[in-house]
Amino acid sequence: MNDVDQLPSIKQGQWFYGGLTTCPVRIVRHHTLYGSGDTDDPPELFSDREVECYYIRYHVPAAAQPWLDGGAALSLREAVFLAERKLGPVVTWVD
């Protein structure tokens, strides 16, 4: 996912790790929704698809690099929802 980490943020902010420590979170837009690669999954989940999608990337205090994967969504609105659900009730977006 290094290519995803190199993309510019379309939305960024901070979340509170353990309720105390602020850590960065960002959402990037990409043209490929990566598949699972798991042969037990159905083809629509197994294979990569060419479609506009949004990846959630975040840090925790102990990891400066690389960005951690917070999931993917097919809309910005869904990506914001997933980020807030995964990272806790307090995510502050700066843009």
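Just so it is clear, the model here is predicted, and its values are computed rather than measured. (Residues numbered from 1 in each chain as written. Predicted model: local features only at pLDDT ≥ 70, side-chain atom pairs only at ≥ 80, totals over all residues. Heavy atoms only, no water.)

Colleague: Outline the pairing of strand β1 (residues 9–17), supporting the account with residue identities and numerical values.
Modeller: With eight bridges connecting them, β1 and strand β2 (residues 21–33) associate as antiparallel partners. Each residue of the ladder has a partner; that of tryptophan 15, found in β2, is cysteine 23. Direction of pairing for β1 relative to strand β5 (residues 91–93): antiparallel, over a ladder of three bridges. Within β5, the residue paired with glycine 13 across the bridge is tryptophan 93. (Pairing = 2+ DSSP bridges. Helix = DSSP H or I, 4+ residues; strand = E, 2+ residues; numbered from the N terminus.)

Colleague: Could you give an account of the nonpolar core, with specific residues and numbers?
Modeller: Counting 15 residues, the largest nonpolar core has Trp15, Val25, Ile27 and Trp93 as the members making the most contacts within it. Breaking this core down by element, the ones donating at least two residues are β2, β3 (49–60), α3 (76–87) and β5. Formed by five residues, the second largest nonpolar core is a distinct cluster that contains Val28, Leu33, Cys53 and Tyr55. (Core = buried A, V, L, I, M, F, W, Y, C linked by side-chain atoms within 4.5 Å. Buried < 20%, exposed > 50% of the residue type's maximum accessible area, 1.4 Å probe, protein only.)

Colleague: Could you give an account of α3, naming the residues involved and the relevant values?
Modeller: Look at α3: 16 Å from first C-alpha to last across twelve residues, which is about the 16 Å you get at 1.5 Å a residue. Of all the residues in α3, the buried ones are Ala79, Val80, Ala83 and Leu87. One side of α3 carries all its buried residues, which in axial view fall inside an arc of 100 degrees. Away from its buried face by more than 90 degrees, α3 exposes Arg77 and Arg85. Downstream of α3 by a residue or two, glycine 88 has a phi angle that is positive, lying close to 110 degrees. (Expected span 1.5 Å × (residues − 1). Arc of directions from axis to C-beta.)

Colleague: Residues and numbers for the packing of aromatic side chains, please.
Modeller: Remark: the centre distance and the inter-plane angle together describe each pair of aromatic rings, the angle taken between the planes. Per the stated rule, a full pass over the model turns up three aromatic pairs. Aromatic side chains tryptophan 15 and tyrosine 17 sit 5.8 Å apart centroid to centroid with 80 degrees between the ring planes, which places their arrangement in the edge-to-face category. With relative accessibility at 7%, the residue tryptophan 15 sits in the buried group. Judged by relative accessible area, which is 41%, tyrosine 17 ranks as partly exposed. Pairing tyrosine 34 with tyrosine 55 gives two aromatic rings, centres 6.0 Å apart and planes at 40 degrees, and the pair type is tilted. In this pair, tyrosine 34 sits in the loop between β2 and α2 (43–46) while tyrosine 55 sits in strand β3, placing the two residues 21 residues apart along the sequence. The exposure class of tyrosine 34 is partly exposed, given its relative accessible area of 30%. According to the relative accessible area criterion, tyrosine 55 is buried, its value standing at 3%. (Phe/Tyr/Trp six-rings, centres within 6.5 Å; stacked < 30°, edge-to-face > 60°.)

Colleague: Give me the side chain of histidine 30: which residues, what numbers.
Modeller: Tracing the backbone shows histidine 30 in strand β2. Of the residues examined, histidine 30 reaches a relative accessible area of 7% and is grouped as buried. Among the polar contacts made by the side chain of histidine 30, one reaches the side chain of tyrosine 34 at a distance of 3.2 Å. Apart from residues lying up to four places away in sequence, histidine 30 is in contact with Asp3, Val4, Leu7, Val51, Glu52, Cys53 and Tyr55. (Polar contact = N/O pair within 3.5 Å; in protein donor to acceptor, adjacent residues only side chain to side chain. Contact = heavy atoms within 4.5 Å.)

Everything listed is a geometric property; what it means functionally is a separate question.
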